[in-house]
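Examining the three-dimensional arrangement
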Amino acid sequence: MHCVKMHGLGNDFIIIEDHEAQKIASIKDFTIAACDRHFGVGGDGVILILPSQKADIRMRIFNSDGSEAEMCGNGIRCLAKYVYERGIIPDPIFTVETKAGIIVPEITLEDERVKSIRVDMGQPYLESEKIPVDLKKERIIQEPIEVLGNTFYFTAVSMGNPHAVIFEIPDQWQTYGETIEKHPLFPRKTNVEFVRCLSSNQAEVKVWERGAGPTLACGTGACAVLVAGVLNQKLSPKAEIKLPGGSLTIEWSTENQHVYMEGPAQEVFNAELSEEVYESWMLHRE
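I will try to describe carefully the structure that is included in this document. Please read these numbers as outputs of a predicted model, since none were measured by experiment.

Our focus in this paragraph is the overall build of the protein. Along the backbone of the protein there are six helices and 18 strands. Over its C-alpha trace the protein gives a radius of gyration of 18 Å, about what one expects of a compact globule, namely 19 Å for 286 residues. The buried share among the 286 residues of the protein stands at 52%. Restricting to contacts in the protein with at least 6 residues of sequence separation, those with at least 24 account for 61%. Separation of charge centres in the protein, based on 28 positive and 42 negative side chains, amounts to 4 Å.

Printed below as a string of structure tokens:
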């Protein structure tokens, strides 16, 4: 089986095309084994590139625990670079079908190579029922949540997947993130972003990703942070979101209310996975 390892600001993925994905008996088992950083390839998730009847291409994204996510901002930039540089999609602006809807990446070139990808992430969902958050309020802005004896205040945003944005970074943020992800308020669990606003156009973020744990970057999370920052009058509609793996430029347009994300993607290596390798992964899992 042929696969490619890519990352967006250190948020790394194993990319597999449709004809190779058909060889996988259980995508959940494969993802857990392949993403193991000691016995597998290592990654935060697996991305399948598939044909689409609704868009130019279709993306499925699986977290390292084998669960399927609706969307992934860093992942879709990796997919965009992959399909454009390989000629699968010849146009620099195209559509991608995801479980969060149709997403539109735009390739920026430098010396005929992909320099960055700007992605129209669509409009954020702010209604509690659509995120979802199990609270009888239309919007969740600076709502208290008690975890492990401490109270935090979160703003809920969905970019096709749920996010709880907290404007502080506690010392034990990973422990709190893991607990908040599975809190009963979130029926589909949630991603958690801990934020320190450095100015109105710059914020520092620590990410706890649903189904993956702490990651170096989260594209949809960066978008959620910008939206939550605007709602709380902490950030301007366009800002630099600084993640452990690097920065993304996020803009919440006042014209169409769409959120735009711009940042890089990088290919790490190509690999051929033999049947013997796959069998050894499965034996290790047992």
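Having seen the structure, we can now continue with the description.
Further remarks concern the nonpolar core. Ranked by size, the top nonpolar core spans 57 residues in total, and within it Ile 15, Met 121, Ile 241, Leu 243 and Ile 250 carry the most contacts. Ile 250 has contacts with Ala 222, Cys 223, Leu 226, Pro 237, Lys 238, Ala 239, Ile 241, Val 259, Tyr 260 and Met 261, leaving out every residue within four places of it along the chain.

Per the counting criterion, the structure on display carries 14 salt bridges. Across the pair Asp 12 and Lys 5 runs a salt bridge whose closest N-O atoms are separated by 3.4 Å. By relative accessible area, which is 8% here, Asp 12 ends up buried. Look at the salt bridges and you will find they share partners, linking Lys 5, Asp 12, Arg 37 and Asp 44 into a network.

What follows deals with empty space enclosed by the protein. Taken as a whole and assessed by the stated rule, the structure comprises one cavity of 30 Å³ or more. Taken as a whole, the largest cavity encloses approximately 140 Å³ of empty space. Secondary-structure elements contributing two or more residues to the lining of the largest cavity are strand E2 (11-17), strand E4 (57-63) and helix H5 (219-231). The element contributing the most residues to the lining of the largest cavity is E4, with three residues. Along the lines of polarity and charge, the residues of the lining of the largest cavity split into eight nonpolar, eight polar and three charged.

With that settled, the discussion passes to the pairing of strand E8 (residues 113-120). Where strand E7 (residues 101-110) meets E8, seven bridges bridge the pair, whose relative direction is antiparallel. Within E8, the residue paired with Thr 108 across the bridge is Ser 116. In this sheet, strand E17 (residues 259-263) lies alongside E8 in antiparallel orientation, the contact comprising four bridges. Counted as the bridge partner of Asp 120 is Tyr 260 from E17.

Once that is clear, we can look at the environment of Pro 124. One can find Pro 124 in the loop between E8 and strand E9 (143-147). When its relative accessible area of 12% is taken as the criterion, Pro 124 is described as buried. Distance from Pro 124 to His 258, taken between C-alpha atoms, is 7.2 Å for residues 134 residues apart in sequence. If we skip the residues at most four places from it in the chain, Pro 124 touches Val 157, Ser 158, Met 159, Val 227, Trp 252, Gln 257 and Val 259.

Take helix H4 (residues 173-181) next. Along H4, the positions that sit buried rather than exposed are Trp 173, Tyr 176, Gly 177, Ile 180 and Glu 181. End-on view of H4: buried residues confined to an arc of 130°, all on one side of the axis. Buried residues along H4 sit against E9, strand E10 (150-158), strand E11 (162-166), strand E12 (191-199), strand E13 (202-209) and strand E14 (213-215).

Analysis parameters
Residues numbered from 1 in each chain as written. Predicted model: local features only at pLDDT ≥ 70, side-chain atom pairs only at ≥ 80, totals over all residues. Heavy atoms only, no water. Helix = DSSP H or I, 4+ residues; strand = E, 2+ residues; numbered from the N terminus. Rg over C-alpha atoms; globule rule 2.2 N^0.38 Å. Buried < 20%, exposed > 50% of the residue type's maximum accessible area, 1.4 Å probe, protein only. Contact = heavy atoms within 4.5 Å. Lys, Arg positive; Asp, Glu negative; His and termini not counted. Charge placed at Lys NZ, Arg CZ, Asp CG, Glu CD. Core = buried A, V, L, I, M, F, W, Y, C linked by side-chain atoms within 4.5 Å. Salt bridge = Lys/Arg side-chain N within 4 Å of Asp/Glu carboxyl O. 1 Å grid on protein atoms, 1.4 Å probe; cavity = no way out; pocket = protein on both sides within 12 Å on 5 of 7 lines; lining within 4 Å. Points joined across faces, edges and corners; volume = space filled by probe spheres on them. Nonpolar A, V, L, I, M, F, W, Y, C, P; charged D, E, K, R; others polar. Pairing = 2+ DSSP bridges. Arc of directions from axis to C-beta.

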